[in-house]
Structures are given as C-alpha cells and as structure tokens.
Amino acid sequence: MDERIQMWLEGELKEFSADFKRFNEKVTKMMYLWMAVSVAGMTALGFIVGGDAASVFKLHFPIGCGIALFIWICFVVQMKRGSTKKVRSAYERAMTEAFHSEEDKAAFVRQIESGSFGKTVFMNTVVDRFPSRFQAGSEYLIFNRDLAVRFIRVADIEDIYCREEKSRTRYHLGDYNVIQSLTIGISLIIEYKSGSASERKSGEDSLYLENGKQVETVFEYIRRYCPELNV
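Model, not experiment: these values are computed from the prediction.

A. Broad picture of the overall build of the chain. For the chain, the count of helices and strands is six helices and seven strands. Along the chain, from the amino end to the carboxyl end, the secondary structure elements read α-α-α-α-β-β-β-β-β-β-α-β-α. For the chain, buried positions account for 38% of its 231 residues. Long-range contacts, defined here as pairs at least 24 residues apart, represent 59% of the contacts in the chain between residues at least 6 apart. As presented, the chain carries roughly 13,200 Å² of accessible surface, and 56% of it is formed by carbon and sulfur atoms.

B. Structural detail: the pattern of salt bridges. As enumerated under the stated definition, the model contains 18 salt bridges in all. Among the salt bridges present, the one from E15 reaches K119, with a minimum N-O distance of 3.1 Å. Placement of E15 in helix α1 (residues 3-48) and of K119 in strand β1 (residues 117-122) is noted, with a sequence separation of 104 residues between them. The exposure class of E15 is partly exposed, given its relative accessible area of 32%. With its nearest N and O atoms 3.3 Å apart, the salt bridge here joins E103 to R110. Taking the relative accessible area as the measure of exposure, E103 reaches 40% and is therefore partly exposed. Taking the relative accessible area as the measure of exposure, R110 reaches 37% and is therefore partly exposed. Here the residues in one salt-bridge network are E12, E15, D19, R22, K119 and R133, joined through shared partners.

C. Representation of the side chain of S38 within the structure. When you line up the elements, S38 lands in helix α1. Overall, the relative accessible area of 12% leaves S38 in the buried class. In this structure, S38 is in contact with G64, I67, A68 and I71, ignoring residues within four places of it in sequence.

D. The arrangement of the environment of G118 in detail. Position of G118 among the secondary structure elements: in strand β1. Taking relative accessible area as the criterion, G118 reaches 8% and is therefore assigned buried. Between the alpha carbons of G118 and F134 there is a distance of 8.4 Å; along the sequence they are 16 residues apart.

E. Looking closely at the pairing of β1. Going residue by residue along β1, you find G118, T120 and F122 tucked away on one face and F117, K119 and V121 left uncovered on the opposite face. With six bridges joining them, β1 and strand β2 (residues 132-137) adopt antiparallel strand pairing. Across the sheet, residue V121 finds its bridge partner in β2, namely R133.

F. Main features of the nonpolar core. Of all hydrophobic cores here, the largest spans 29 residues; its most connected members are W8, Y91, F99, F108 and F151. Those elements that provide at least two residues to this core are α1, α2 (53-81), α3 (84-98), α4 (102-114), β3 (140-145) and β4 (148-153). When residues of this core are assigned to their parent elements, the largest contribution, ten residues, is made by α1. If we skip the residues at most four places from it in the chain, Y91 touches W8, L9, E12, L13, R133, N144, V149 and F151. Membership of the second largest hydrophobic core comes to 22 residues, among which are F134, I186, I190 and L207.

G. Seen up close, the packing of α1 against α3. At their nearest, the axes of α1 and α3 sit 10 Å apart, and the two run at 135° to each other. By the criterion of interaxial angle, the relationship of α1 to α3 is oblique. Seen from above, α1 lies across α3 with right-handed handedness. Note on element contacts: α3 touches α1 through T84, V87, R88, Y91, E92 and M95, opposite I5, Q6, W8, L9, E10, E12, L13, F16 and S17. Per-class residue counts for the contact of α1 with α3 are eight nonpolar, three polar and four charged.

H. The arrangement of α3 in detail. Taking 1.5 Å per residue, 15 residues should reach 21 Å; α3 reaches 21 Å between its end C-alpha atoms and fits that length. Among the residues of α3, V87, A90, Y91, A94, M95 and A98 are the ones counted as buried. The buried residues of α3 all sit within an arc of 125° when viewed along its axis, so they share a single face. Residues of α3 that are exposed and point more than 90 degrees away from the buried face comprise K85 and T96. For α3, the secondary structure elements touched by its buried residues are α1, α4, β2, β3 and β4.

Definitions and cut-offs
Residues numbered from 1 in each chain as written. Predicted model: local features only at pLDDT ≥ 70, side-chain atom pairs only at ≥ 80, totals over all residues. Heavy atoms only, no water. Helix = DSSP H or I, 4+ residues; strand = E, 2+ residues; numbered from the N terminus. Buried < 20%, exposed > 50% of the residue type's maximum accessible area, 1.4 Å probe, protein only. Contact = heavy atoms within 4.5 Å. Areas by Shrake-Rupley, 256 points an atom, 1.4 Å probe, with all protein chains shown as cover. Salt bridge = Lys/Arg side-chain N within 4 Å of Asp/Glu carboxyl O. Pairing = 2+ DSSP bridges. Core = buried A, V, L, I, M, F, W, Y, C linked by side-chain atoms within 4.5 Å. Axes fitted to C-alpha atoms, helices over the stretch in contact; angles between N-to-C directions. Parallel < 35°, antiparallel > 145°, perpendicular 65-115°, else oblique. Left-handed = near helix turned anticlockwise from the far one by under 90°. Nonpolar A, V, L, I, M, F, W, Y, C, P; charged D, E, K, R; others polar. Expected span 1.5 Å × (residues − 1). Arc of directions from axis to C-beta.

The values reported here are purely geometric and, on their own, carry no functional implication.
See below:
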C-alpha cells in the first residue's frame, strides 16, 4: 500500500476508535435501561396476572433477569466485532475493490494531500451496530456503515438523488383491513456514467441514511467539496 494512503488509514482507524467509544457509551446507557425494563417489566407482569410474591420472584423475576443477561451478552459481542483489525480489513478490502488502476490511487492521494475533503459521523444507535462515517472529497466519496466501506470515484458519478425507503404494515380498524406505507429511511442513489469502471461493476449504488437531516448533511458536504455534481 502507498505510504501516504497507509498514513491516512492509520488516522482514519484512530478516529473510528474514538467514534466507536462514544457510540458504545450511548449504547451502554440504552443497554442498562432495557435491562432494568426487562427485570421490572417481567416482575410487574407477574403481579398483573395475579401471582403472589413468592411465585413472581420464583418465575417472572428470573425470566426478566435472563432477558437482561441476553441483552448484556449481545452488547459484549457487538463490542468485540468492532475491533481495529476488522475495521482495517474492511477499509483495505474496499480500497482493493475501488482502486482499479494506479490513476485511481493517485487521485485518492491528491485528495489526501490537498486536504480538500470533509467528514461527518452519524450515531444511529437504534439501527446500527457501529458509528457511520461519511467523507466527501474532490476525488472520492467514502461511506462506512456497519463496517461496509465504500469508496466512490467522483469522476464516475452521473447523478445523485434520494429515494424514500418504505415498509408496508397491515392492521385491523373495526371491520376494515388497513394497509399503510411507513417511511423507514432514505437511500442516497448514485448513478454512474456509462462506460465508467463503477458503472460496469454495479450500474448504480445506494447509501442508506436514517432521516432527512442526515441526507441534508451529506448533501452539504457534497456541495462544498464536489460542486461539479450539482446536487
């Protein structure tokens, strides 16, 4: 790997570690809350269904503790998955897929050396296991969500626009069956120029964002560092 790219990667990993620490602090607070709710909720349920104190603390309380333990185990497993080694592998794999030629690498080095880029972090603790990072630069857009890292060459992009992601839910309202569409997120759709290496590989890509505020933040960075895209 080019020495300049290696230095950039080391800085990126250091920043990700700091982001992951803040992410886990937020998740930890949620974890303790849900553990407490699990224990208290199951105990309360025991009394609601008519159990006496002895039966509740013999049956419902241990079940609540078991659920709380399961939540804690899931959290510990998530923390281990965010190791620096795995994050490094995700970035290195993404660069191998994105840099098809020496010119691609040279373009990225120009972005690093010029300092013409900006980055932001999204702490989507409800839907993601890791912090999401977005970087817009004069040569590349970089997106890391749940350790799925993407390097997108700006010169290959034909158009960028948004598409709402919806989920259909069905429920009964009196004698009627109601089907309702709910917006669950927004995808940033990236269409590539015909004949470009990216177009030959995937045609188009999509980057999932949680809400309109995140979309506007991404667009703001693209407008500032990639004005030729006209978003």
